[in-house]
Amino acid sequence: MSHRETILLNINDNEANRYVVTRMLRAAGFQVREGGTGAEALRLAAEVLPDLIILDVKLPDLNGIEVCRRLKAEPRTAGIAVLHLSANYIRPENKVEGLESGADGYLAQPVDASELLATVRSLLRMRQAEEEARAAAVQWKSTFDALGDGVCLLDGDGRVMRANQALLALLGLSGEQVLRRPFEALMRAAAGTEAELPPSCGAVLSCREETEVSLGGRWYRVAANPVEGAAGTVVGAVRILTDITSRRELEDALRQRAADLAEADRRKDEFLAMLAHELRNPLAAIVNALHLEAATQPDGAESKSMRVMMRQSQHLARMVDDLLDVSRFNRGHIELRRGPVDLRQVVQHSVEARRRALEEKGLRLEVALPATESLWLDGDATRLEQVVSNLLDNARKYTESGGRVFVGVTVEGRGQERQAVLRVRDSGIGMSPELQARVFDLFVQAQQQLARSSGGLGIGLTLVRRLVELHGGEVRAHSEGEGQGSELVVRLPLDAAQAMPAPAPEKRLVSHEEPSVRRVLLVEDNEDTREVLRELLEMWGHQVEVAEDGFKGVQLFPVLRPHVALVDLGLPGMDGFQVARTIRESEGGRDVFLVALTGYSGEHRTQAVEAGFNLHLVKPVKPDDLERLLEQIPGSPVGTQLP
């Protein structure tokens, strides 16, 4: 590579990523050519013969793994170094596949400039050493002893006829100890093993391959080539040993880094789950205390500060839920509870739930829905409402007072498929082309100002995209530019049937003209949550006994004989699952309505059902929802004497 300026080839279909990498390389003094497809990579490699190719794994035609295999299979391009870059395929198995396909390195994007340049220089150095070794094999008569690689010539019986100084130093032997000895015996002694060696290290003179072996604590690539006589018969062989310890150490470091990243990701998810529990406990106490305070005030006496606290506590609860949803998506733990859903009703519910927040900011809301046509699809109503709500929250966040927010749904055809098209358009700050390209990425926001007046975590639109894709749809963002507003368009496949029967009305568990008194066992270790919830339950007229841990809850059960037990899962000593199993196995335990009232996320729902819970509720539970639940559970009418 010293005969000309070093040429690098940068192949990436993402223009932004390609630009960043090219800029780094050119700033370091490299000459760079670019391409965006696998076909371009193969063509440019054959035309330019670059010294190194920086190759994205995810390409629109051939993936980077296949491109690398083809380059290595072609003798003319086999010597070109290949460095894979990927923002999507970053698991250990992806990196192993890339390296085993012939790549010389594998880095995950985004990549630090210093790491990229150091890796590029390291690979260039390695390739330069390999080229020098191969040239020396061709010109060994004149340069044999000057080579840095260990080289030896074998006779027709596989014995060493000549060895250079590098090989002698590698083996730690003198020329007399090496000459006329079988090469296989020398390699076996250096490796310190009686196990079978690869053919390149043995006496098979016709062998044409490269293998890697460990000798004396260092790694070497052993290149085997036969020497043919005039009649085409094999009369000897050449063996070249190249020290590749640095490369192996780099590969090991990459594998270890991938493992460390995977472990860090696992611990992050565990932390988020625990964080949710720790946040939801105080949130539950705050929400219930505010509800209790509001319930004890005369009508119309609710203060502005009270309304602010209630609104902001609900906002905080939504952010915790969104953050946990992202974590569950990353682990593949999100499952849709599918059923017939009328998208028109979903949009109406979401709009009404957000109407007050939009109006309080001084925004004019326009809604355009089909007048009579129902828009049935197979989906999860709760998750679809989350999609619409997040789009409305995004529009509200980035639209100044006096602006407009439009929500509309139409039906369009795409081939044989009917699609519902949801549009949420605002007159807000708009988006630059760069932002439009990454607006659905995690933690991306339109503004990153110190004041962060718009709030949020930058995860709402990430959830929108992933939920829409789970429903078989797609979402796109469009803006004429900064200050020109934005439009987010969601396309969802409608059910093949033109209309579906309306779902049967929800049946209440029980219906009384008057509220019922319940015996309630509350098992909760958080003191504030426990005391505020007890006051709420007693205010609603129920008889309540509390326990601060699972052991006491189990002891109180046969004494109270409750109609319903509200049990936290994260209890000290005996957790909520054990409490439920113990209660179910005790006398009368089959009659109580068990509710898992927990700060942990939805992954525990299945465990809760298996443990015997009738219902799994995530904190903070809306007091109104809890009150309705208690009304629906069979119990004693008001005035009934409780034992």
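Here's a quick rundown of the structure. No experiment lies behind these values; they were computed from the predicted model shown.

Here we take up unusual backbone geometry. For the peptide bond that leads from Gln 109 to Pro 110, omega is 0 degrees, which places it in the cis range. As for its placement among the helices and strands, Pro 110 is situated in the loop between strand S5 (105-108) and helix H5 (113-138). Look at Leu 49: it is not a glycine, yet its phi comes out positive at around 50 degrees. Within the secondary structure layout, Leu 49 lies in the loop between helix H2 (38-48) and strand S3 (52-56). For Leu 49, a relative accessible area of 28% translates into the label partly exposed. Although it is not a glycine, Arg 180 adopts a positive phi angle of roughly 70 degrees. The topology assignment puts Arg 180 in the loop between helix H8 (175-178) and helix H9 (183-191).

Turning our eyes to something else, we now look at the sheet that holds strand S4 (residues 81-86). The strand order S2-S1-S3-S4-S5 describes an open sheet built from five strands, whose pairing is parallel. The open sheet has two edge strands with one neighbour each: strand S2 (31-35) and S5. Each neighbouring strand pair of the sheet contributes to a mean axis angle of 20 degrees, computed without reference to strand direction. Relative to S5, S4 is paired through four bridges, and the arrangement is parallel. The residue of S5 that forms the bridge with Leu 85 is Leu 107. Along the sheet, helix H3 (residues 64-73) contacts S3 and S4; its crossing angle with S4, the most-contacted strand, is approximately 175 degrees. Sheet strands in contact with helix H4 (residues 92-100) are S4 and S5, and its direction is about 150 degrees off that of S5.

Before going further, it helps to examine helix H17 (residues 550-560). Along H17, the residues that are buried comprise Gly 550, Gly 553, Leu 556, Phe 557 and Leu 560. Down the axis of H17, the sector holding all buried residues measures 120 degrees, keeping them to one side. The exposed residues of H17 that point more than 90 degrees off its buried face are Gln 555, Pro 558 and Val 559. Taken together, the buried residues of H17 touch strand S19 (519-523), strand S20 (543-547) and helix H18 (576-585). The opening residue of H17 is Asp 549, an N-cap whose side-chain oxygen sits 3.2 Å from the backbone nitrogen of Phe 551.

Here we have five strands laid out as an open sheet, ordered S7-S6-S10-S9-S8, and antiparallel in their pairing. If you trace the sheet from one side to the other, it starts and ends with strand S7 (160-163) and strand S8 (209-215), each paired once. Averaged over all pairs of adjacent strands, the angle between strand axes in this sheet comes to 25 degrees, irrespective of strand direction. Summarising the sheet, strand S9 (residues 218-228) and strand S10 (residues 234-243) pair through nine bridges and their orientation is antiparallel. Residue pairing in the sheet places Glu 228 in a bridge with Val 234 of S10.

A few words on the environment of Leu 71. Residue placement: Leu 71 occurs in helix H3. Between the alpha carbons of Leu 71 and Ala 81 there is a distance of 9.7 Å; along the sequence they are 10 residues apart. Residues contacting Leu 71, with those up to four places away along its chain left out, are Leu 42, Ala 45, Ile 53, Thr 77, Ala 78 and Val 82.

Checked against the element boundaries, Arg 18 lands in helix H1 (residues 15-27). Among the residues examined, Arg 18 registers a relative accessible area of 16% and is labelled buried. The sequence separation of Arg 18 and Asp 56 amounts to 38 residues, and the corresponding C-alpha distance is 9.1 Å. Not counting residues up to four positions away in its chain, the partners in contact with Arg 18 are Asn 10, Asn 12, Asp 13, Glu 34, Gly 35 and Gly 36.

Once that is clear, we can look at the nonpolar core. Leu 343, Val 347, Leu 391 and Leu 422 are the most contacted members of the largest nonpolar core, which has 36 residues in total. Counting residues per element, the ones that place at least two in this core are helix H12 (343-360), helix H13 (381-397), strand S14 (404-414), strand S15 (417-426), helix H15 (460-470), strand S16 (474-478) and strand S17 (486-493). Per-element tally for this core: the top contributor is H13, with six residues. Beyond its immediate sequence surroundings of up to four residues, Leu 422 is in contact with Val 347, Val 388, Leu 391, Val 407, Gly 408, Val 409, Leu 488, Val 489 and Val 490.

Turning our eyes to something else, we now look at the pairing of S10. Burial runs high along S10: seven of the 10 residues are buried. Note that strand S6 (residues 150-154) and S10 share five bridges and pair antiparallel. Counterpart to Cys 152 in the pairing with S10 is Arg 239. Adjacent in sequence and paired antiparallel, S9 and S10 are bridged by five residues, among which Gly 232 carries a positive phi angle near 85 degrees.

Right, let's get into the packing of H12 against H13. H13 packs onto H12 with a crossing angle of 35 degrees between their chain directions and a minimal axis gap of 9 Å. Note that H12 runs across H13; the crossing there is right-handed. Contact with H12, carried on its side by Val 346, Val 347, His 349, Ser 350, Val 351, Arg 354, Ala 357 and Leu 358, involves Ala 381, Leu 384, Glu 385, Val 388, Ser 389, Leu 392, Asp 393 and Arg 396 of H13 and no other residues of that element. Residue composition of the contact of H12 with H13, grouped by class: nine nonpolar, three polar and four charged.

Applying the stated rule across the entire model yields 32 salt bridges. The closest approach of N and O atoms between Glu 366 and Arg 364, which form a salt bridge, is 3.8 Å. Of the residues examined, Arg 364 reaches a relative accessible area of 47% and is grouped as partly exposed. Close ionic contact of Glu 412 with Arg 491 constitutes a salt bridge, the shortest N to O distance being 2.8 Å. In this pair, Glu 412 sits in strand S14 while Arg 491 sits in strand S17, placing the two residues 79 residues apart along the sequence. In this structure Arg 491 comes out as buried when scored by relative accessible area, which is 18%. One salt-bridge network, held together by shared partners, links Lys 72, Asp 104, Arg 127, Glu 130, Glu 210 and Arg 221.

Each value, and the rule that gives it
Within every chain, residues take consecutive numbers counted from 1 along the sequence as written. Restriction of local features to residues with pLDDT of at least 70 applies here, the model being predicted, together with a cutoff of 80 or more for giving and counting side-chain atom pairs; totals for whole chains, interfaces and linings are based on all residues. Only heavy atoms go into the side-chain values, all of them from the structure, while hydrogens and water stay out. The helix count covers DSSP runs of H or I at least four residues long, the strand count covers runs of E at least two residues long, and both are numbered beginning at the N terminus. Partly exposed residues are those whose accessible area sits between 20% and 50% of the maximum for their type, while under 20% is buried and over 50% is exposed, using a 1.4 Å probe and protein chains only. Strand pairing is defined by DSSP finding a minimum of two bridges between the two strands. Axis lines are fitted to C-alpha atoms, over the contacting stretch for helices. Their N-to-C directions set the angle, which ranges from 0 to 180 degrees. A contact between two residues is defined here by any heavy atoms of the two lying within 4.5 Å. Think of the arc as the fan of directions from the helix axis to the C-beta atoms. Polar contacts, as counted here, are pairs of nitrogen or oxygen atoms within 3.5 Å of one another; within protein the pair requires one atom able to donate a hydrogen and one able to accept it, and residues that are adjacent in sequence qualify only if both atoms are side-chain atoms. The criterion is simple. A nonpolar core is a set of buried Ala, Val, Leu, Ile, Met, Phe, Trp, Tyr and Cys residues joined through side-chain atoms within 4.5 Å. Here a crossing is taken to be left-handed if its near helix is turned anticlockwise relative to the far helix by less than a right angle, and right-handed if that turn runs clockwise. Here the nonpolar group is Ala, Val, Leu, Ile, Met, Phe, Trp, Tyr, Cys and Pro; Asp, Glu, Lys and Arg are the charged ones; every other residue, Gly included, is treated as polar. Between Lys or Arg on one side and Asp or Glu on the other, a salt bridge is scored when a side-chain nitrogen of the former is within 4 Å of a carboxyl oxygen of the latter.

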